[in-house]
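Each chain, written out:
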Amino acid sequence: MTDMSGAAPPPPLNRMLVSVLSLIGFFVALYLWAHNSGLTGPIVCGVGDCATVQSSPYARIGPIPVSAIGVAGYTALFALSLVGLQPSRRESRLIGGLLLAGAAFGVAFSAYLTYLEAAVIRAWCQYCVASAIIITLVFFATLPEVTRLRGGSSGLEPRAT
Amino acid sequence: MKRLYIVLAVVAAVGIGAVGYSVSSGGSAVTAPIAVDGIDDLERLVELAQGVTKGDENAPVTIIEFGDFQCPACQQFATQHKPQVELAFVESGKAKFVYYDWPITTAHPNSFLAARASRCAADQNRYWEYHDNLYRNQVRWAASTSPVGTFVDYAGTLGLDEGAFEDCLNSDEHAALVSANLELGNQLGVGGTPTILIEHNGTVRQVGYDFASIQEYIDGLLAGSADGA
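Reading guide: rules and limits
- Residues numbered from 1 in each chain as written.
- Chains lettered and ligands numbered in written order.
- Predicted model: local features only at pLDDT ≥ 70, side-chain atom pairs only at ≥ 80, totals over all residues.
- Heavy atoms only, no water.
- Helix = DSSP H or I, 4+ residues; strand = E, 2+ residues; numbered from the N terminus.
- Buried < 20%, exposed > 50% of the residue type's maximum accessible area, 1.4 Å probe, protein only.
- Contact = heavy atoms within 4.5 Å.
- Areas by Shrake-Rupley, 256 points an atom, 1.4 Å probe, with all protein chains shown as cover.
- Expected span 1.5 Å × (residues − 1).
- Core = buried A, V, L, I, M, F, W, Y, C linked by side-chain atoms within 4.5 Å.
- Right-handed = clockwise from strand over helix to strand, strands pointing away.
- Pairing = 2+ DSSP bridges.
- Buried area = accessible area lost by both parts, 1.4 Å probe.
- Salt bridge = Lys/Arg side-chain N within 4 Å of Asp/Glu carboxyl O.
- Polar contact = N/O pair within 3.5 Å; in protein donor to acceptor, adjacent residues only side chain to side chain.
- pLDDT = per-residue confidence, 0-100.

**What about the overall build of chain B?**
And then number 1: Secondary structure summary: chain B contains 10 helices and 5 strands in total.
And then number 2: Taken over 229 residues, chain B has a buried fraction of 48%.
And then number 3: Restricting to contacts in chain B with at least 6 residues of sequence separation, those with at least 24 account for 77%.
And then number 4: For chain B, the computed accessible surface area is about 10,500 Å², with 52% contributed by carbon and sulfur atoms.

Structure representation (structure tokens):
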């Protein structure tokens, strides 16, 4: 619903949560990407067997490292959440729909990668597990967008003054 | 919103610090040939240069490869022809196979480091597994700007002591040996990779790097030996 009084609705807590979580996820993916690009020393792996996972054929999709896809995905979620926190976009259904769709895709992709670790590679990378947990939390944080999609504004209307 | 921005700033600072530290501490591995004292003396060069041998030391024929881990043709030889050569001649004791590094760093910037990595694996008695792994995964590390981490990962995959391997790689260990191998190839007239030389009774001849050429020449040598016996 558009706030006709002119006062912007309070910043949605769920989008604030998405912004923080996706920024953490971004740095997890960035570290792996830096490692995949040969910019770091050996991967620091306290738990699991990161070396096996990261040197497996499944660490890339064609020429693209999976970690690069993670960096792009978290960047998009972070940017969307920040835009969705601006006063004129807080009720935006478009932003809400994009956040929900992005998080759902991220969870599905992460579930596939987790399956590969468990059933195919048979090794665990703590960073991949951390990313899977983060994107799952992001997905839960985007669920309130369903309500916003059902009743909120598109967010594209000019803000009432 | 102000609190959110503070939280985001803290997360960003920690993330940039952690990733930045990881990148800046990537290591100080020697990645190019070095000057080696006495390398211009042939006797000293022969002492310094060391190939890695597979097969019976007393085999009548020696198959010598001068190879570059980043060279696509060497990968083709390693993955397609060498297994046939080993099956036909090395495993039967007719020949032994000796690999010398000849990294062409002007064209293949990671080749010297890869050669050193293989020698670090040899320190832990896993040379040939590492050698095969490097060639099998060549496309994955060839374009990397700094494949140290990837090479250490491969060591971990093979069950090597990653710490010891990393220390070896992030140093100048084996740089003199690989440089000497390179110079030995130069002295022998190696002009490209893979160069396959076959030695028998003191005579050395270069052959093509396909299995058919190697088989034809060795079969001829062994038939000649049998005739002469």
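**As for helix 1 (residues 13-36) of chain A**
And then number 1: The terminal C-alpha atoms of helix 1 of chain A, which comprises 24 residues, lie 35 Å apart, in line with the 34 Å expected from a rise of 1.5 Å per residue.
And then number 2: With 18 of its 24 residues buried, helix 1 of chain A lies for the most part within the structure.

**Focus on the nonpolar core**
And then number 1: Counting 50 residues, the largest nonpolar core has Phe-69, Tyr-130, Phe-151, Phe-165, Leu-169, Ile-198 and Ile-214 of chain B as its most contacted members.
And then number 2: If we skip the residues at most four places from it in the chain, Tyr-130 of chain B touches Ala-117, Ser-118, Ala-121, Phe-151, Tyr-154, Ala-155, Leu-158, Leu-160 and Phe-165 of chain B.
And then number 3: Listed in part, the 35 residues of the second largest apolar core include Tyr-31, Cys-128 and Ile-134 of chain A together with Val-11 of chain B.

**A few points about the pairing of strand 2 (residues 61-67) of chain B**
All names here are of chain B.
And then number 1: Among the 7 residues in strand 2, 7 count as buried, and that is most of the element.
And then number 2: Because side chains alternate across strand 2, one face comprises the buried residues Val-61, Ile-63, Glu-65 and Gly-67, and the other comprises Thr-62, Ile-64 and Phe-66, equally buried.
And then number 3: A crossover connection joins strand 2 to the parallel strand 3 (residues 95-101) through helix 3 (residues 72-90); in handedness this β-α-β unit is right-handed.
And then number 4: Of the pairings in the sheet, the one linking strand 2 to strand 4 (residues 195-200) comprises 6 bridges and is antiparallel in character. What sits directly across from Glu-65, in strand 4, is Ile-196.

**A word on the interface of chain B and chain A**
And then number 1: Counting from both sides, the interface comprises 26 residues of chain B and, opposite them, 29 residues of chain A.
And then number 2: Interface of chain B and chain A: buried area, both sides summed, is about 2,200 Å²; carbon and sulfur atoms make up 66% of it.
And then number 3: The largest per-residue losses of area from chain B upon contact with chain A belong to Met-1, Arg-140 and Asp-153 of chain B, which jointly make up 25% of the total buried on that side.
And then number 4: Our enumeration of links across chain B and chain A arrives at 0 salt bridges.
And then number 5: Linking chain B with chain A are 0 residue pairs in polar contact (both at pLDDT 80 or more).
And then number 6: Only helix 1 (2-24), helix 7 (148-157) and helix 8 (162-169) of chain B provide two or more residues apiece to the side of chain B that touches chain A.
And then number 7: Among the elements that take part in the side of chain B that touches chain A, helix 1 of chain B stands out by supplying 11 residues, more than any other.

**Remarks on the confidence of the model for chain B**
And then number 1: Put simply, chain B has an average pLDDT of 90, and 96% of its residues get 70 or more.
And then number 2: Confidence estimates for the predicted assembly give a pTM of 0.58 and an ipTM of 0.83.

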